Amino acid sequence: MGGVFVLRKPRNGNKCRCFDRCNTMRQTETELFSEETRMITRERRRGRKRRSFFLDMILLFRTCSSNILFLSLLLLSSSFSSVLSENLSPRNQTLRPLEELNKLKAINQHLRKINKPSIKTIHSPDGDIIDCVLLHHQPAFDHPRLRGQKPLDPPERPRGHNRRGLRPKSFQLWGMEGETCSEGTVPIRRTKEEDILRANSVSSFGKKLRHYRRDTTSNGHEHAVGYVSGEKYYGAKASINVWAPQVQNQYEFSLSQIWIISGSFGNDLNTIEAGWQVSPELYGDNYPRFFTYWTNDAYQATGCYNLLCSGFVQTNSEIAIGAAISPSSSYKGGQFDITLLIWKDPKHGNWWLEFGSGILVGYWPSFLFTHLKEHASMVQYGGEIVNSSPFGAHTSTQMGSGHFAEEGFTKSSYFRNIQVVDWDNNLVPSPNLRVLADHPNCYDIQGGSNRAWGSYFYYGGPGKNPKCP
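Because the structure is a prediction, the values reported are computed rather than measured. Throughout, residues of each chain are indexed from 1 in the direction in which the sequence is written. The model is predicted, so local features are restricted to residues of pLDDT at least 70 and side-chain atom pairs to those at 80 or more, both for listing and for counting; the totals for chains, interfaces and linings are taken over all residues. Hydrogens and water are ignored here; the side-chain numbers use all heavy atoms of the structure.

### Let's talk about the overall build of the chain
Move 1: Along the backbone of the chain there are 7 helices and 19 strands.
Move 2: Counting over 469 residues, the chain shows a buried share of 51%.
Move 3: Carbon and sulfur atoms make up 51% of the accessible area of the chain, which amounts to about 23,000 Å² in all. The helix count covers DSSP runs of H or I at least four residues long, the strand count covers runs of E at least two residues long, and both are numbered beginning at the N terminus. Each residue gets one of three labels from its accessible area relative to the maximum for its type: buried under 20%, exposed over 50%, partly exposed in between, using a 1.4 Å probe on protein chains only. Working definition of accessibility: Shrake-Rupley area with a 1.4 Å probe, residue cover restricted to the visible protein chains.

### Overview of unusual backbone geometry
Move 1: Here Ser326 and Pro327 are connected by a cis peptide whose omega angle stands at 5°.
Move 2: With phi around 60°, Ala298 is a residue other than glycine that occupies positive phi space.
Move 3: Looking at the secondary structure, you find Ala298 in the loop between β8 (289-295) and β9 (304-305).
Move 4: Of note in this structure, Thr410 is not a glycine but carries a positive phi near 70°.

### Overview of the sheet that holds strand β4 (residues 221-233)
Move 1: Here 7 strands make up an open sheet; going across it, the order is β9-β8-β7-β6-β14-β4-β17 and the pairing antiparallel. The strands lining the two open edges of the sheet, one partner per strand, are β9 and β17 (434-437).
Move 2: Strands are treated as partners if at least two bridges between them are detected by DSSP. Summarising the sheet, strand β6 (residues 254-262) and strand β14 (residues 376-386) pair through 8 bridges and their orientation is antiparallel. Residue pairing for β14: Leu255 is matched across the bridge by Glu384.

### A word on the sheet that holds strand β3 (residues 185-189)
Move 1: In space, the 3 strands of this open sheet follow the order β1-β2-β3, with antiparallel pairing throughout. Because the sheet does not close on itself, it has two edges, and the strands there are β1 (120-123) and β3. Neighbour-to-neighbour, the strand axes of the sheet open up by a mean angle of 25°, direction not taken into account.
Move 2: Sheet topology places strand β2 (residues 129-134) next to β3; 5 bridges connect them, and they run antiparallel. Each axis is a line fitted through C-alpha atoms, taken for helices only over the stretch in contact, and angles between the N-to-C directions span 0 to 180 degrees.

### Remarks on the side chain of Gln257
Move 1: Considering the arrangement of structural elements, one finds Gln257 in strand β6.
Move 2: Counting of polar contacts relies on pairs of N or O atoms within 3.5 Å, with two restrictions inside protein: one atom must be capable of donating a hydrogen and the other of accepting it, and residues adjacent in sequence are counted only when both atoms are side-chain atoms. Of note is the side chain of Gln257, whose polar atom sits 3.4 Å from the side chain of Lys208.
Move 3: In this analysis, two residues are considered to be in contact whenever any of their non-hydrogen atoms come within 4.5 Å of each other. Beyond its immediate chain neighbours, meaning those up to four positions away, Gln257 contacts Lys208, Glu273, Ala274, Gly275, Phe291, Gln380, Tyr381, Gly382 and Phe415.

### What about the pairing of strand β5 (residues 235-241)?
Move 1: Burial analysis of β5 places 7 of its 7 residues in the buried class, the great majority of the element.
Move 2: In terms of strand pairing, β5 meets strand β11 (residues 337-344) through 7 bridges, oriented antiparallel. Pairing of Lys237 across the sheet is with Leu341, part of β11.
Move 3: Summarising the sheet, β5 and strand β15 (residues 413-421) pair through 4 bridges and their orientation is antiparallel. Within β15, the position partnered with Ile240 by the bridge is Phe415.

### Comments concerning the state of the cysteines
Move 1: Defined by distance alone, a disulfide is two cysteine sulfur atoms within 2.5 Å. One pass over the full model with this rule turns up 3 disulfides.
Move 2: One disulfide bridge connects Cys442 with Cys468, the sulfur atoms lying 1.9 Å from each other. Residues Cys442 and Cys468 are joined through a disulfide that is right-handed, its torsion about the S-S bond being 90°. In this pair, Cys442 is assigned in the loop between β17 and β18 (444-450) and Cys468 in the segment after β19 (454-460), connecting sequence segments 26 residues apart.
Move 3: Overall, the relative accessible area of 2% leaves Cys468 in the buried class.

### A short note on the pairing of β4
Move 1: Bridge count for β4 against β14 is 10 bridges, and the pairing is antiparallel. Bridging across to β14, Val225 finds its partner in Gly382.

### A short note on helix α5 (residues 98-114)
Move 1: Counted at 1.5 Å a residue, the expected span for α5 with its 17 residues is 24 Å, and the 25 Å between its end C-alpha atoms agrees.
Move 2: Taken together, the buried residues of α5 touch α6 (193-197). By this rule, a helix spans an expected 1.5 Å times one less than how many residues it contains.

### Brief notes about the packing of aromatic side chains
Move 1: Working definition: a ring pair exists when centres of Phe, Tyr or Trp rings (six-membered ring for Trp) sit within 6.5 Å. Plane angles under 30 degrees give stacked, over 60 give edge-to-face, the rest tilted. A full pass over the atoms with the stated rule returns 19 aromatic pairs.
Move 2: Between Phe457 and Tyr459, the ring centres sit 5.8 Å apart and the planes meet at 75°, which makes this aromatic pair edge-to-face.
Move 3: Overall, the relative accessible area of 0% leaves Tyr459 in the buried class.
Move 4: Placement of a positive charge over a ring is assigned whenever Lys NZ or Arg CZ falls within 6 Å of the ring centre and within 35 degrees of the normal to the ring plane. The ring of Tyr293 is capped by Lys208, whose NZ or CZ atom sits 5.7 Å from the centre of that ring.

### Observations regarding the nonpolar core
Most often, soluble globular proteins have nonpolar side chains that are buried together.
Move 1: Residues grouped as a nonpolar core are buried Ala, Val, Leu, Ile, Met, Phe, Trp, Tyr and Cys residues, joined through side-chain atoms within 4.5 Å. Among the nonpolar cores identified, the biggest contains 92 residues, and Ile258, Ile260, Trp364 and Tyr381 are the most heavily contacted of them.
Move 2: Per-element tally for this core: the top contributor is β14, with 6 residues.
Move 3: If we skip the residues at most four places from it in the chain, Ile258 touches Ala236, Lys237, Ala238, Ile272, Glu273, Ala274, Leu340, Ile342, Val379, Gln380, Tyr381 and Phe415.
Move 4: Of all hydrophobic cores here, the second largest spans 7 residues; its members include Cys132, Trp174, Ala320 and Ala323.

### Concerning the pattern of salt bridges
Pairs may arise between side chains of opposite charge once their charged atoms sit close together.
Move 1: One side-chain nitrogen of Lys or Arg within 4 Å of one carboxyl oxygen of Asp or Glu is enough to make a salt bridge. Enumeration over the complete set of coordinates arrives at 15 salt bridges.
Move 2: Where Asp131 meets Arg190, a salt bridge forms, and the shortest distance between an N and an O atom there is 2.8 Å. Of this pair, Asp131 sits in strand β2 while Arg190 sits in the loop between β3 and α6, and the two are 59 residues apart along the sequence.
Move 3: With a relative accessible area of 28%, Arg190 lands in the partly exposed category.
Move 4: For Arg198, the salt bridge identified is with Asp195, shortest N-O distance 2.5 Å. Across the pair, Asp195 and Arg198 agree in class, each one buried.

### So, the environment of Asn241
Move 1: With respect to the helices and strands, the residue Asn241 is situated in strand β5.
Move 2: The buried category is assigned to Asn241, whose relative accessible area is 0%.
Move 3: When the C-alpha atoms of Asn241 and Asp337 are compared, they prove to be 3.7 Å apart, with 96 residues separating the residues in sequence.
Move 4: For Asn241, the contacting residues outside a window of four places in its chain are Trp276, Ser329, Gln335, Phe336, Asp337, Ser412, Ser413 and Tyr414.
Move 5: Here Trp243 takes part through its side chain, which lies 3.5 Å from a polar atom of the side chain of Asn241.
Move 6: Side-chain polar atoms of Asn241 contact the side chain of Gln335, separated by 3.1 Å.

Geometry only, nothing functional implied.
Structure, rendered in structure tokens:
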């Protein structure tokens, strides 16, 4: 490497052993350094700035008898100096390329759109910022069909719905220290610049990539689900235990949820979704988080996660959609599950969401949808992961607990007490619940039924393993 020099002390008289092609020097090492010192001193006395490192090196070694060496060093120093001057120029330090500036401008505009003025701000232990926003200022009311309106009153719950049960004081990290939002406001997780920068673009932020259910070639999305179809469905309910699965990289996620589905699996697919997920790209960490989603065109242009667009209307001041759930389940240890109920209000036709024992979260207005304006044609329950095939192999991103269904209680993930809402607003057991895993060597599912849990299934898996290379 003729351009890299390591200074060593000469051994024999004038012999120079510090270069690969220079064998003699006319001055000793001490004289050279003295000369350099005198030159730098003269420059400082004249009020000049010190020369660059590379010019000092040329001065230091200029007496070397090899012209080839000198020319090589001169060319090297020139190239490095031009690179440094280009990188350190005031222009590059103060200005970014036009496209970068346009991107930052678009990000800031989007942040102003979705982050609403708050009357109180809460700092969560996990780094989230929760804004307490007036009900009628939340993003949903940016929609032309909702502008100037107020949230609807709670509807009638489905018959057969048991609202009794423990209601934990707090099940999200932001509320662990007793902080709350007051009545008349909703807690909204604040979106930060770095959240949007992790996405492919501003337009894709807060959206699922388009994919089709149960299609093994579909964009790397893999599932283990229980489902019912063939009837008209007006809602669904289940209890899901919460885990914190390992996600291999930020471009993947792992979730467990309920899907309310109508339309074909083409461009007109309508879905309403709710559950928990681990998504480093969306949230910047590996906490399990409560989430919602909707689309009316198969994940193309419409819909979003949580409150990241105009759509879902939140009515509750206790739950922050998108905030971390705590605690979570542990292998061979305590199990923590959440109960979700989604149903269609018979009076107004909106789809409502309840969390836990009687905590009404809010609703999806019926006008957001085409097919779901009437009813659902399928309900699915289960897990989904994204497999980006890192390094050409299957991902090691876990689904659920990261263990297969056969391991059972305290080890595997589960859905229990699975029900649907019928045409007359009754909660009934899910008839003919079927189970399906599209990559059973990576993630599998096993169903069952008993008196305590009704219809249930265990599901999940570790991803990459000897049978899932």
